[in-house]
Amino acid sequence: RKFLHSKWILNFDAYSSGEQLALIREYMDQFFLRFGADSLGRLQEQDLRTALKLHGFSCDECTTATEALERLSATNLARVLNETNSIRSIPQSSEGNRIRDMVKKIELRFRHHGNNSQDSVTVPLLSAGQLENMGLMKWALNLHPFNVNLGAPHSVFFIPFFIHVDRGVRYKSAVYGRKMLVPSRNYMLEHGWVSAFIMYSDELKLAAKYTNPEIALTLTDNDNFSQKAIQARESLHKLDFTARDYETLVRKILSSSLLDLLENNPYRYKDVMQELERGDNLESHIRKLVILKIFPDDKGNFQNGLRFEGKIPTAGPRDQILSIRRDQ
């Protein structure tokens, strides 16, 4: 509306479809100027600082929000490794070297599914907050008050997944989306972070089991806005990691779990290692051997339990996003 008023246009519908399209393109070109490297960096710092604060963390002595996240992540990484007894030395043996070599080839990636019609990414991938700023309210799907309080408007959300570097990135099936958008690895490691996946209040309760157990006992599955829900939300920083530290966490616990299998169940170890070395069933094995080791599901169901989400503050630059079709 501001753009149209600046051009003294009071009735957009009075223009022809061609004129409307030209105005839309002009508006989009102007809007996307704010996502140049320097200006985007400033927006990302602001959004990251806000998101961390909503998770209950701030760092007065840190000069940037990125530094605050790095400090928090290092603390969380050390704590989780200690709590899971996953700081183990891999033996200098043939199988120890095999575990070590295989784990080095397991790398983190982020993916975001959508129905963009073009094979290449021509505009930045925007957060819900930026979509709202642009005027595309119906596409800003993460703006329910519960999700806003968790920081949803401030990040582009991804599914974190792991690949075997020898096999590369392939399309992953999803309920929604013909295309899979994947940030470059370097950009993800520099700007990405990982948190507990929370879309609904029952997932907040689940995360609070690990971040604030006393509060979790008193939360209901539909507790969205109570003081207890706020306390649970403000403990979520205990599950915040940089993308790099999350990858390190998974690699270290995977190594430890494989060593446990080698020592206690050599037949299963043989089968699991063969699949991992082929890059088969990576997500299933990592969920069983890593995520559920850190955050065991009390119902014994491997599909249940805590999950994680990847995030990039504000927007993903178009030249850092790869689009992969379902048939690729």
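In case you missed it, the structure is sitting above this.
A brief look at the structure comes next. This one's a predicted model, so the numbers in the text were calculated from it and none came from an experiment.

**Considerations on the overall build of the protein chain**
Moving on, step 1. Across its full length, the protein chain holds 14 helices and nine strands.
Moving on, step 2. Against the globule reference of 20 Å for 328 residues, the protein chain gives a C-alpha radius of gyration of 22 Å, in line with a compact fold.
Moving on, step 3. Dimensions of the protein chain, computed from C-alpha atoms along their principal axes, come out at roughly 75 × 50 × 40 Å.
Moving on, step 4. Across the 328 residues in the protein chain, those meeting the buried criterion constitute 46%.
Moving on, step 5. For the protein chain, the share of sequence-separated contacts (at least 6 apart) that also reach a separation of at least 24 residues comes to 76%.
Moving on, step 6. As displayed, the protein chain has an accessible area near 17500 Å², and 50% of this comes from carbon and sulfur atoms.

**Concerning the nonpolar core**
Moving on, step 1. Core analysis: the largest hydrophobic core is formed by 67 residues, its most contacted members being Tyr246, Leu249, Leu254, Leu258, Val290 and Phe308.
Moving on, step 2. The greatest single-element share of this core, amounting to nine residues, is contributed by helix α12 (residues 243–264).
Moving on, step 3. Leucine 258 has contacts with Ile99, Met102, Val103, Tyr269, Val272, Met273, Leu276 and Leu289, leaving out every residue within four places of it along the chain.
Moving on, step 4. In this structure, Leu48, Leu52, Cys59 and Leu69 belong to the second largest nonpolar core, which totals 11 residues.

**Remarks on the side chain of histidine 113**
Moving on, step 1. Structurally, the position occupied by histidine 113 is in strand β1 (residues 106–114).
Moving on, step 2. We classify histidine 113 as buried; its relative accessible area is 11%.
Moving on, step 3. A distance of 3.1 Å separates a polar atom in the side chain of histidine 113 from a polar atom in the side chain of arginine 111.

**As for helix α14 (residues 282–294)**
Moving on, step 1. Along its 13 residues, α14 runs 17 Å from first to last C-alpha, staying within 8% of the 18 Å computed at 1.5 Å per residue.
Moving on, step 2. Where α14 bends most, at lysine 288, the angle is about 35°.
Moving on, step 3. Packing partners of the buried residues in α14 comprise α4 (65–83), β1, β3 (155–164), α12, α13 (266–278) and β7 (308–313).

**Details of the state of the cysteines**
Moving on, step 1. Tallying each qualifying case throughout the model produces one disulfide.
Moving on, step 2. A disulfide bridge connects cysteine 59 with cysteine 62, and the sulfur atoms are separated by 2.0 Å. Note on the cysteine 59 and cysteine 62 pair: the S-S dihedral is about 70°, so by sign convention the disulfide is right-handed. Just as cysteine 59 is buried, cysteine 62 falls in that class too.

Rules used in this analysis
Residues numbered from 1 in each chain as written. Predicted model: local features only at pLDDT ≥ 70, side-chain atom pairs only at ≥ 80, totals over all residues. Heavy atoms only, no water. Helix = DSSP H or I, 4+ residues; strand = E, 2+ residues; numbered from the N terminus. Rg over C-alpha atoms; globule rule 2.2 N^0.38 Å. Buried < 20%, exposed > 50% of the residue type's maximum accessible area, 1.4 Å probe, protein only. Contact = heavy atoms within 4.5 Å. Areas by Shrake-Rupley, 256 points an atom, 1.4 Å probe, with all protein chains shown as cover. Core = buried A, V, L, I, M, F, W, Y, C linked by side-chain atoms within 4.5 Å. Polar contact = N/O pair within 3.5 Å; in protein donor to acceptor, adjacent residues only side chain to side chain. Expected span 1.5 Å × (residues − 1). Bend = angle between axes of the 7 residues up to and from the residue. Disulfide = S-S within 2.5 Å.

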